[in-house]
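Overview (structure and organization)
As a plain string of letters, each chain reads:
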Amino acid sequence: MEEEKLEKTLSVTKKGFPAIWVQTLRFAAPNVRYGQSTAICSSNGKLTKIIRTMENYTKIRHLVRISNKCVLIQSNYNIDGSVVEIYKVEKIDFENKKIIFNKVATFKDGKWDNTSYVRNYKEGVHSTLMRAKKFYSLRDLD
């Protein structure tokens, strides 16, 4: 597996803790439609606590705490099936307000390329995949 990086914006809570916005959303256009969901899990595989929520019909955003031991799980669902990616926190940069993630596992075409992370983060994978499917299945706005 080739090394792939992901960069996200760091938020800081009122008490000075590092946090990140994760979201569940639905994208619909005339020729493409998909649902996407992201979540942060701690090192023990449990979803992290939600600090704040903002939502509307096609998007839900959650502010959650993050640390160097966390992973980001991102799921996409469309007519062709699902893709799940697991990213491990590589660096939290307070000065530049960035979080750098390194991809450690991918589920595509019905199989995982690295199964060592799947068992520990099963709860987060299931949660993001179910939310992505739910948002994919929402009725079109007329």
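Residues numbered from 1 in each chain as written. Predicted model: local features only at pLDDT ≥ 70, side-chain atom pairs only at ≥ 80, totals over all residues. Heavy atoms only, no water.

Quick notes on the confidence of the model for the chain
If pLDDT is low for a region, its predicted coordinates should not be looked at in detail. When pLDDT is averaged along the chain, the result is 89; 95% of the residues meet or exceed 70. Here strand β3 (residues 18–29) stands out as the least confident element of the chain, with mean pLDDT 88; strand β9 (residues 98–108) is the most confident, with 95. (pLDDT = per-residue confidence, 0-100. Helix = DSSP H or I, 4+ residues; strand = E, 2+ residues; numbered from the N terminus.)

Considering the layout of surface pockets
Roughly 170 Å³ of internal volume is contained in the largest pocket. For the largest pocket, the full set of lining residues is K8, T9, S11, I20, W21, V22, Q23, Q36, T38, R61, L72 and Q74. By residue number, the principal contributor to the lining of the largest pocket is β3, which donates four residues. Residue classes in the lining of the largest pocket are distributed as four nonpolar, six polar and two charged. (1 Å grid on protein atoms, 1.4 Å probe; cavity = no way out; pocket = protein on both sides within 12 Å on 5 of 7 lines; lining within 4 Å. Points joined across faces, edges and corners; volume = space filled by probe spheres on them. Nonpolar A, V, L, I, M, F, W, Y, C, P; charged D, E, K, R; others polar.)

A closer look at the nonpolar core
In this structure, I20, I40, I66, L72, V89, I99 and F101 are the most contacted members of the largest nonpolar core, which totals 14 residues. Only β3, β8 (81–93) and β9 provide two or more residues apiece to this core. In contact with V89, other than residues within four places in its own chain, are I66, S67, N68, C70, I99, I100 and F101. In terms of nonpolar packing, the next biggest core, distinct from the first, is built from twelve residues, V84, I86, V104 and F107 among them. (Core = buried A, V, L, I, M, F, W, Y, C linked by side-chain atoms within 4.5 Å. Buried < 20%, exposed > 50% of the residue type's maximum accessible area, 1.4 Å probe, protein only. Contact = heavy atoms within 4.5 Å.)

Structural notes on the side chain of E85
Here E85 lies in strand β8. In this structure E85 comes out as buried when scored by relative accessible area, which is 13%.

Considerations on the packing of aromatic side chains
Under the defined criterion, the tally for this structure stands at three aromatic pairs. Ring plane angle 50 degrees and centroid distance 5.3 Å describe the contact between F107 and W112, whose orientation is recorded as tilted. Classification of F107 by relative accessible area gives buried; the value is 18%. Taken together, a centroid distance of 6.4 Å and an interplanar angle of 20 degrees make the contact between Y117 and Y121 stacked. By relative accessible area, Y121 is classed as buried at 6%. If you follow R61 out to its NZ or CZ, it ends over the ring of W21, 4.4 Å from the centre. The ring of F17 has R65 sitting right over it, with the charged end atom 3.8 Å from the ring centre. (Phe/Tyr/Trp six-rings, centres within 6.5 Å; stacked < 30°, edge-to-face > 60°. Lys NZ or Arg CZ within 6 Å of the ring centre and 35° of its normal.)

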